[in-house]
Each structure stands twice: as structure tokens, then as C-alpha cells.
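Close look at the chain arrangement
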Amino acid sequence: MVTDWPAFAGDMSGAVAQLRAGLPDVMKAFGAMDQALMKDAALSPKTKELIALSLGVAARCDGCLAFHARAARKYGATREEVLEAIGMSIYMGGGPSVMYAALALEAFDQYDAKA
């Protein structure tokens, strides 16, 4: 195991809470955008989380992997769906995305094991 992703998400939650306290209007607006986007519409919340996880790989964002792997699991994503989604990140991002794709899969597997 490279990272304990559930613990990392917990640590990040504290840091994000500090940000929320310092920038309440900005973070409230960001939360409202999340609420609006996560409604089941043309794309399901699961599909949106798979996209977000893939973008986390492409952006090399550890916090994105922690939160979106957890959310993908919450919305019923399977390991196979995660693999296909992060495969697209590898296709679009090359070698650096391979490294983050491995981390994204590890994060999803840890949340799946705890479910």
C-alpha cells in the first residue's frame, strides 16, 4: 500500500474545514456547485464521479483521488468501471497518468474493502 486513502481523506477534511472557515462565501458557492452537478440528470452521479476520478488522475491531485474514489464507491461504481475510467486518463495523459492511475485504483480498492 502506497497511501492509506481513507485516512488521507480524513486528514484533508480537516484542512478543507479550515479553508471553509477562512473563505465561507467561496466554499459555500463551491458546495452549491457540487450539489447542482451531482443531481441525477443526463449523467448519473456514478458516471460523474468516474469522470471526476479520471480528472484527478490527469491533474495528479491526491485529494481528488481520495474523495472521488470514495464517492465512486458510494454511488456503486465497480472496480471494472474504475479501471476503464482511469484507463482513459492513461490514454490521454501518458506515463505520468499511469502512476496516478495506480494510486486511484488503490484508493478505490481501499474504500471497496471497507464497504
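Bear in mind that the values here come from a model prediction, so they are computed numbers and not experimental data. (Residues numbered from 1 in each chain as written. Predicted model: local features only at pLDDT ≥ 70, side-chain atom pairs only at ≥ 80, totals over all residues. Heavy atoms only, no water.)

**Some details on the state of the cysteines**
Across all of its chains, the model carries one disulfide by this definition. Residue pairing for Cys-61: its cysteine sulfur links by disulfide to Cys-64, the two sulfurs lying 2.3 Å apart. An S-S torsion of about 75 degrees defines the bridge between Cys-61 and Cys-64 as right-handed. (Disulfide = S-S within 2.5 Å.)

**Section: the side chain of Glu-106**
Mapped onto the fold, Glu-106 is located in helix H5 (residues 79-114). Buried charge Glu-106 goes without a salt bridge, the closest partner of opposite sign being Arg-79 at 9.9 Å. Sequence-distant contacts of Glu-106, defined by excluding residues within four places in its chain, comprise Met-1, Val-2, Thr-3 and Trp-5. (Helix = DSSP H or I, 4+ residues; strand = E, 2+ residues; numbered from the N terminus. Buried < 20%, exposed > 50% of the residue type's maximum accessible area, 1.4 Å probe, protein only. Lys, Arg positive; Asp, Glu negative; His and termini not counted. Salt bridge = Lys/Arg side-chain N within 4 Å of Asp/Glu carboxyl O. Contact = heavy atoms within 4.5 Å.)

**Thoughts on the environment of Asp-109**
With respect to the helices and strands, Asp-109 occurs in helix H5. When its relative accessible area of 25% is taken as the criterion, Asp-109 is described as partly exposed. In the structure, Asp-109 is positioned 39 residues away from Arg-70 in sequence and 9.5 Å away in space, judged by C-alpha atoms. Only 2.8 Å separates the side chain of Asp-109 from the side chain of Arg-79, close enough to count as a polar contact. (Polar contact = N/O pair within 3.5 Å; in protein donor to acceptor, adjacent residues only side chain to side chain.)

**Focus: the nonpolar core**
If you look at the biggest cluster of nonpolar residues, it comprises 21 residues, and the most contacted ones within it are Trp-5, Leu-53, Val-57, Leu-65, Val-82 and Ile-86. Elements with a minimum of two residues in this core: helix H1 (5-22), helix H3 (45-59), helix H4 (62-74) and H5. The element that contributes the greatest number of residues to this core is H5, accounting for 11 residues. Excluding its chain neighbours within four sequence positions, the residues that come into contact with Trp-5 are Asp-62, Leu-65, Ala-66, Leu-103, Glu-106, Ala-107, Gln-110 and Tyr-111. (Core = buried A, V, L, I, M, F, W, Y, C linked by side-chain atoms within 4.5 Å.)

Remember that the coordinates give geometry; whether it matters functionally is a separate question.
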